[in-house]
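Coordinate inspection notes
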Amino acid sequence: MLFAVYVTNDNDQPGSYTAITPDLPECATHGYELGQLLARVHLKIEGHVVQLLLDNITPPRPRTLQELRKSGEFSAGALYEIYIEDHQLEAMAVHQAGK
């Protein structure tokens, strides 16, 4: 499963970046290095998807980069894709739930 991540310069903290996941708005973070930022948002996405699964909620279908670019609302920054192994997260949720 690929989740798009939208990265912009953080105007409140010069030299830093902000990342949001358009399809999981709860997964946002900031950082000073792009690699660190993407690693952080990757962990946030995984944690959020596991929590959704634990709550018996189906994670949303992520939009493609093409769909997001067409929308026009994500043109001021850069779009990246984060790969999430959904089968592994499903197994983690089952394990955490004690099933």
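Reference entry: report on the structure contained in this document. (Residues numbered from 1 in each chain as written. Predicted model: local features only at pLDDT ≥ 70, side-chain atom pairs only at ≥ 80, totals over all residues. Heavy atoms only, no water.)

1. Quick notes on the pairing of strand E2 (residues 17-20)
Note the threshold: By definition, two strands form a pair when at least two bridges between them are found by DSSP. Helix numbers and strand numbers start at the N terminus; a helix is a DSSP run of H or I with at least 4 residues, a strand a run of E with at least 2.
As paired elements, strand E1 (residues 2-9) and E2 share four bridges and run antiparallel to each other. From the neighbouring strand, Asn 9 faces E2, where its bridge partner is Tyr 17. The pairing of E2 with strand E3 (residues 28-31) spans four bridges and is antiparallel. From the neighbouring strand, Thr 18 faces E3, where its bridge partner is His 30.

2. Overview of the nonpolar core
Using the following cut-off: Residues belong to a common nonpolar core when they are buried Ala, Val, Leu, Ile, Met, Phe, Trp, Tyr or Cys residues joined through side-chain atoms within 4.5 Å. Exposure classes here rest on a 1.4 Å probe applied to the protein chains alone. A residue is buried below 20% of its type maximum, exposed above 50%, and partly exposed in between. For this analysis, residues touch if any pair of their heavy atoms sits within 4.5 Å.
Among the nonpolar cores identified, the biggest contains 17 residues, and Val 5, Leu 24, Ile 45 and Ile 82 are the most heavily contacted of them. Only E1, helix H1 (34-54) and helix H3 (86-97) provide two or more residues apiece to this core. The dominant element in this core, judged by the number of residues it contributes, is H1, at seven residues. Those residues in contact with Val 5 that lie beyond four places of it in its chain are Ala 19, Ile 20, Thr 21, Pro 22, Leu 38, Val 41, Ile 45, Ala 78, Leu 79, Tyr 80 and Ile 82.

3. Observations regarding the packing of aromatic side chains
As a reminder, the rule being used: Paired rings are identified among Phe, Tyr and Trp, the last through its six-membered ring, by centres lying within 6.5 Å, and are further divided according to the angle between planes into stacked (under 30 degrees), edge-to-face (over 60) and tilted (the rest).
Taken as a whole and assessed by the stated rule, the structure comprises one aromatic pair. An angle of 70° between the planes, with centres 5.1 Å apart, marks the rings of Tyr 6 and Phe 74 as edge-to-face. With Tyr 6 in strand E1 and Phe 74 in the loop between helix H2 (65-71) and strand E4 (78-83), this pair connects stretches of sequence that are 68 residues apart. Both residues of the pair, Tyr 6 and Phe 74, belong to the buried class.

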